[in-house]
Amino acid sequence: MNGNSSENLIQKLTEELSRLLNYVEKTKSGLGYIEDTVMVGSETVPQASVQISAVTGDLESAANIIMSILEEVLAEHDRNHVLLESLSGWASGLNEKDREEGMAIISEIKQITEKTKTQMMDIFSNMSFHDLSGQKLKKVNLSLSVVQSKLHDIATTFGIKDFETKAKTASPGNFNGIVNDPMDQDVVDRLLKELGT
Amino acid sequence: MLDNNMKILVVDDFSTMRRIIKNILKEIGYVNVDEADDGSTALEKLKGGGFDFVVTDWNMPNMPGIDLLKAIRADPALKHTPVLMVTAEAAKENVVIAVQAGVNNYIVKPFTAAALKERIDLILNKLNATVA
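A. Spotlight on the overall build of chain A. The helix and strand inventory of chain A stands at 5 helices and 0 strands. Reading chain A from its N terminus to its C terminus gives the helix and strand order α-α-α-α-α. Taking all 197 residues of chain A together, 24% fall into the buried category. For chain A, restricting intrachain contacts to residue pairs at least 6 apart in sequence, the fraction spanning at least 24 positions comes to 79%. For chain A, the exposed surface amounts to about 14000 Å²; the carbon and sulfur share of it is 60%.

In structure tokens, the structure reads:
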């Protein structure tokens, strides 16, 4: 009777220990997965943040270039307006038939000039896309900062080393292989020359 | 009486946006324009005197537009300065907050030159009517 009872107890203990071991193994593999995830996040989150900042900067540069061109064209439009007024003055001195024909053409040119000026002002107004997209990207960057902070907390809790190092060395290039550092045309030309193209 | 010679302060943290507003203001006849990149810089400039009108963004570092508006309304020397809020914050509660803080008008980005002119004219006509 006592012998059976001891065997049963040992068997139960063995089963319990086996379950416990299984649980410990699963936890260990889970922790490994968390560590891998945190390490991946430690690299990709700051890289994404850097990329977003770079996009904002590129958009600003592009917007400024377009606006500089627009400002020059608008200045030419102002000059155009003055020239058309002079032309009107000259045409008013012509005989009736020529004056009417000349004024009709000048009027048409003025209408075209006004229309294109309005359209250019519309382009100007819509350049605010940079500001609007920039504000949205800023919010995305703030969200990424929150994720980064949470990853940092997890890394601290689980004693994951190298987290800070990886986060600090994030660069805009090599973002999951999707985006790489852009190269200047000069660099591309040099590279092509080196490659014999 | 405010007119086309009035001095306007454009406040926005994005240089591109300040450039857009300045060009649109020029196009609609306002050439006396200065700029600031946040509320606190704007407030310093305003305290220096000489400004007749403020066009400000809402979202800015250091001092957002809504705080600039409140500071203007709280300053006895500046409290009557017209303020036009130009912002991407189109939520109803933002408009309500701005109106409660004493904004003269509110325009949502992106906007056309005609829309900006219309708001400025509305503000000036209202103010001129009050003065008369």
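Moving on from the model shown.
B. How the structure looks around the sheet that holds strand 2 (residues 33-36) of chain B. Residue and element names in this part refer to chain B. In spatial order, the strands read 2-1-3-4-5; together these 5 strands make up an open sheet with parallel pairing. Edge positions in the sheet fall to strand 2 and strand 5 (105-108), since each of these pairs with one other strand and no more. For this sheet, the mean angle separating the axes of adjacent strands, direction not counted, is 20 degrees. Here 4 bridges tie strand 1 (residues 8-11) to strand 2, and the two strands are oriented parallel to one another. Across the sheet, I8 pairs through a bridge with V33, a residue of strand 2. Against the sheet, helix 1 (residues 15-27) engages strand 1, strand 2, strand 3 (53-56) and strand 4 (83-87), with an angle of about 165 degrees to strand 2.

C. Here's a closer look at the nonpolar core. All names here are of chain B. Membership of the largest hydrophobic core comes to 32 residues, with the highest contact counts inside it found for I8, L25, F53, L84, F111, L116 and I120. Considering each element in turn, this core owes the most residues, 6 residues, to helix 5 (residues 113-131). Residue contacts for L25: discarding those within four places in its chain leaves I8, V10, Y30, V33, L116 and I120. Formed by 22 residues, the second largest nonpolar core is a distinct cluster that contains F51, L69, L78 and A98.

D. Representation of helix 3 (residues 65-74) of chain B. Residues and elements named next belong to chain B. What helix 3 keeps buried is the set G65, I66, L68, L69 and I72. Taken around the axis of helix 3, the buried residues stretch over an arc of 160 degrees, which confines them to a single face. Those residues of helix 3 that are buried lie in contact with strand 1, helix 2 (39-47), strand 3, strand 4 and helix 4 (92-101).

E. Local environment of the packing of helix 2 of chain B against helix 3 of chain B. Residue and element names in this part refer to chain B. Between helix 2 and helix 3, the least distance of the axes is 9 Å, while the angle of their chain directions is 25 degrees. The orientation of helix 2 relative to helix 3 falls into the category roughly parallel. In the packing of helix 2 onto helix 3, the handedness of the crossing is right-handed. Residues G39, A42, L43 and L46 of helix 2 pack against L68, A71 and I72 of helix 3.

F. Expanded view of the interface of chain B and chain A. Taken together, the contacts link 20 residues of chain B with 21 residues of chain A. Each partner contributes to the roughly 1700 Å² buried at the junction of chain B and chain A, and carbon and sulfur atoms together form 55% of this total. Three residues stand out in chain B for area buried against chain A, namely F14(B), T16(B) and R19(B), and they jointly supply 35% of the buried area on that side. Joining chain B to chain A, the criterion identifies 4 salt bridges. The partner of E27(B) in a salt bridge is K117(A), and the shortest N-O contact between them spans 3.5 Å.

G. Region of interest: the packing of aromatic side chains. Scanning all chains against the criterion turns up 0 aromatic pairs over all chains. Between the NZ or CZ atom of K7(B) and the centre of the ring of F51(B), over which it lies, the distance is 4.5 Å.

Calculation rules
- Residues numbered from 1 in each chain as written.
- Chains lettered and ligands numbered in written order.
- Predicted model: local features only at pLDDT ≥ 70, side-chain atom pairs only at ≥ 80, totals over all residues.
- Heavy atoms only, no water.
- Helix = DSSP H or I, 4+ residues; strand = E, 2+ residues; numbered from the N terminus.
- Buried < 20%, exposed > 50% of the residue type's maximum accessible area, 1.4 Å probe, protein only.
- Contact = heavy atoms within 4.5 Å.
- Areas by Shrake-Rupley, 256 points an atom, 1.4 Å probe, with all protein chains shown as cover.
- Pairing = 2+ DSSP bridges.
- Axes fitted to C-alpha atoms, helices over the stretch in contact; angles between N-to-C directions.
- Core = buried A, V, L, I, M, F, W, Y, C linked by side-chain atoms within 4.5 Å.
- Arc of directions from axis to C-beta.
- Parallel < 35°, antiparallel > 145°, perpendicular 65-115°, else oblique.
- Left-handed = near helix turned anticlockwise from the far one by under 90°.
- Buried area = accessible area lost by both parts, 1.4 Å probe.
- Salt bridge = Lys/Arg side-chain N within 4 Å of Asp/Glu carboxyl O.
- Phe/Tyr/Trp six-rings, centres within 6.5 Å; stacked < 30°, edge-to-face > 60°.
- Lys NZ or Arg CZ within 6 Å of the ring centre and 35° of its normal.

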